[in-house]
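# Structural overview for review
Spelled out, the chains give:
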Amino acid sequence: RDQLKNVRQIHVAHSAFAAILADGSVVTWGHSAYGGDSARVRDQLKNVQQIHATHSAFAATLADGSVVTWGDLEFGGYSNIVRNELKNVQQIHATHSAFAAILADGSVVT
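The structure contained in this document is the topic of the report that follows. (Residues numbered from 1 in each chain as written. Predicted model: local features only at pLDDT ≥ 70, side-chain atom pairs only at ≥ 80, totals over all residues. Heavy atoms only, no water.)

## Some words on a nonpolar patch on the surface
What counts is decided by this rule: Only residues above 30% relative accessible area that lack a salt bridge enter a patch, with like-charged residues linked at up to 9 Å and the nonpolar side chains Val, Leu, Ile, Met, Phe, Trp and Tyr linked at up to 5 Å. Areas reported here follow the Shrake-Rupley algorithm with a probe of radius 1.4 Å; residue values treat only the protein chains shown as occluding. Salt bridges are defined by distance alone: a side-chain nitrogen of Lys or Arg within 4 Å of a carboxyl oxygen of Asp or Glu. Working definition: helices are DSSP H or I runs of at least four residues, strands are E runs of at least two. Numbering for both runs from the N terminus.
Judged by side-chain polarity, L4, V7, I10, V12 and F17 come together as a nonpolar surface patch covering roughly 390 Å² of accessible area. In terms of residue count, strand β1 (residues 7-12) provides more of the nonpolar patch than any other element does, 3 residues in total. For V7, the location among the structural elements is in strand β1.

## Remarks on the sheet that holds strand β4 (residues 48-53)
Strands pair in a sheet through their backbones, by hydrogen bonds, and they do so in one of two ways: parallel or antiparallel. What counts here: A pair of strands is treated as paired once DSSP finds two or more bridges between them. Under this scheme, a helix contributes an axis fitted over its contacting stretch, all axes are lines through C-alpha atoms, and angles between N-to-C directions fall in the 0 to 180 degree range.
With antiparallel pairing, 3 strands are arranged side by side in an open sheet as β4-β5-β6. Looking at the sheet topology across the chains shown, the edges are occupied by β4 and β6 (67-71). Each adjacent strand pair in this sheet contributes to an overall mean axis angle of 20°, direction not counted. As paired strands, β4 and strand β5 (residues 57-62) are joined by 5 bridges and run antiparallel to one another. Within β5, the position partnered with A53 by the bridge is F58.

## Section: the side chain of T69
Our working rule: Here the term buried applies to any residue with accessible area under 20% of the maximum for its type, exposed to any over 50%, and partly exposed to those in between, with areas from a 1.4 Å probe on protein chains only. N or O atoms within 3.5 Å of each other form a polar contact, as long as, within protein, one can give a hydrogen and the other can take it, and as long as residues adjacent in sequence are counted only when both atoms are side-chain atoms. Whether two residues touch is decided by their heavy atoms; if any such pair falls within 4.5 Å, the residues are in contact.
Tracing the backbone through its elements, the reader meets T69 in strand β6. For T69, a relative accessible area of 6% translates into the label buried. Engagement of the side chain of T69 in a polar contact is seen with the side chain of S79, the distance being 2.9 Å. Ignoring any residue separated from it by four or fewer positions in sequence, one finds T69 in contact with R40, V41, F58, A59, G76, G77, Y78 and S79.

## Some thoughts on the sheet that holds strand β9 (residues 108-109)
If you trace the 3 strands from one edge of the open sheet to the other, you get β7-β8-β9, paired in antiparallel fashion. The two strands at the open ends of the sheet, each matched to only one other strand, are β7 (89-94) and β9.

## Side note on the packing of aromatic side chains
For the record, the criterion: Centres within 6.5 Å make a pair out of two Phe, Tyr or Trp rings, where for Trp the six-membered ring is used; the pair is then stacked when the planes are under 30 degrees apart, edge-to-face when over 60, and tilted otherwise.
In this structure the tally under the stated criterion is 2 aromatic pairs. Ring centres of F58 and W70 lie 5.4 Å apart, and the angle between their planes is 25°; on these two criteria the pair is classed as stacked. Residue F58 is found in strand β5, and its partner W70 is found in strand β6; the two are separated by 12 residues along the sequence. Across this residue pair, the class does not change: F58 and W70 are buried.

Now the structure itself:
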């Protein structure tokens, strides 16, 4: 509870929450398998601008246009395979189990 101050936005997955704080950091809670545990990427969750959720994962867009994901790997929680492509991200869209990112040049990364 002490971490939930100066909250800018809250986003919801099936059984987890992610809050963007005023300083651009993120606090997560809820079921760890559904994205409630962001410890694996906590050091990367700085200057977060937006968060999107699938059923069991979250994707955060950072101020530098990169993306950080966490949560259930089968629902988009692991993006290391396309990490080098996730630059200059303008928008993220989510389905039940996947994310798609639109880049500044109009291309799409899934």
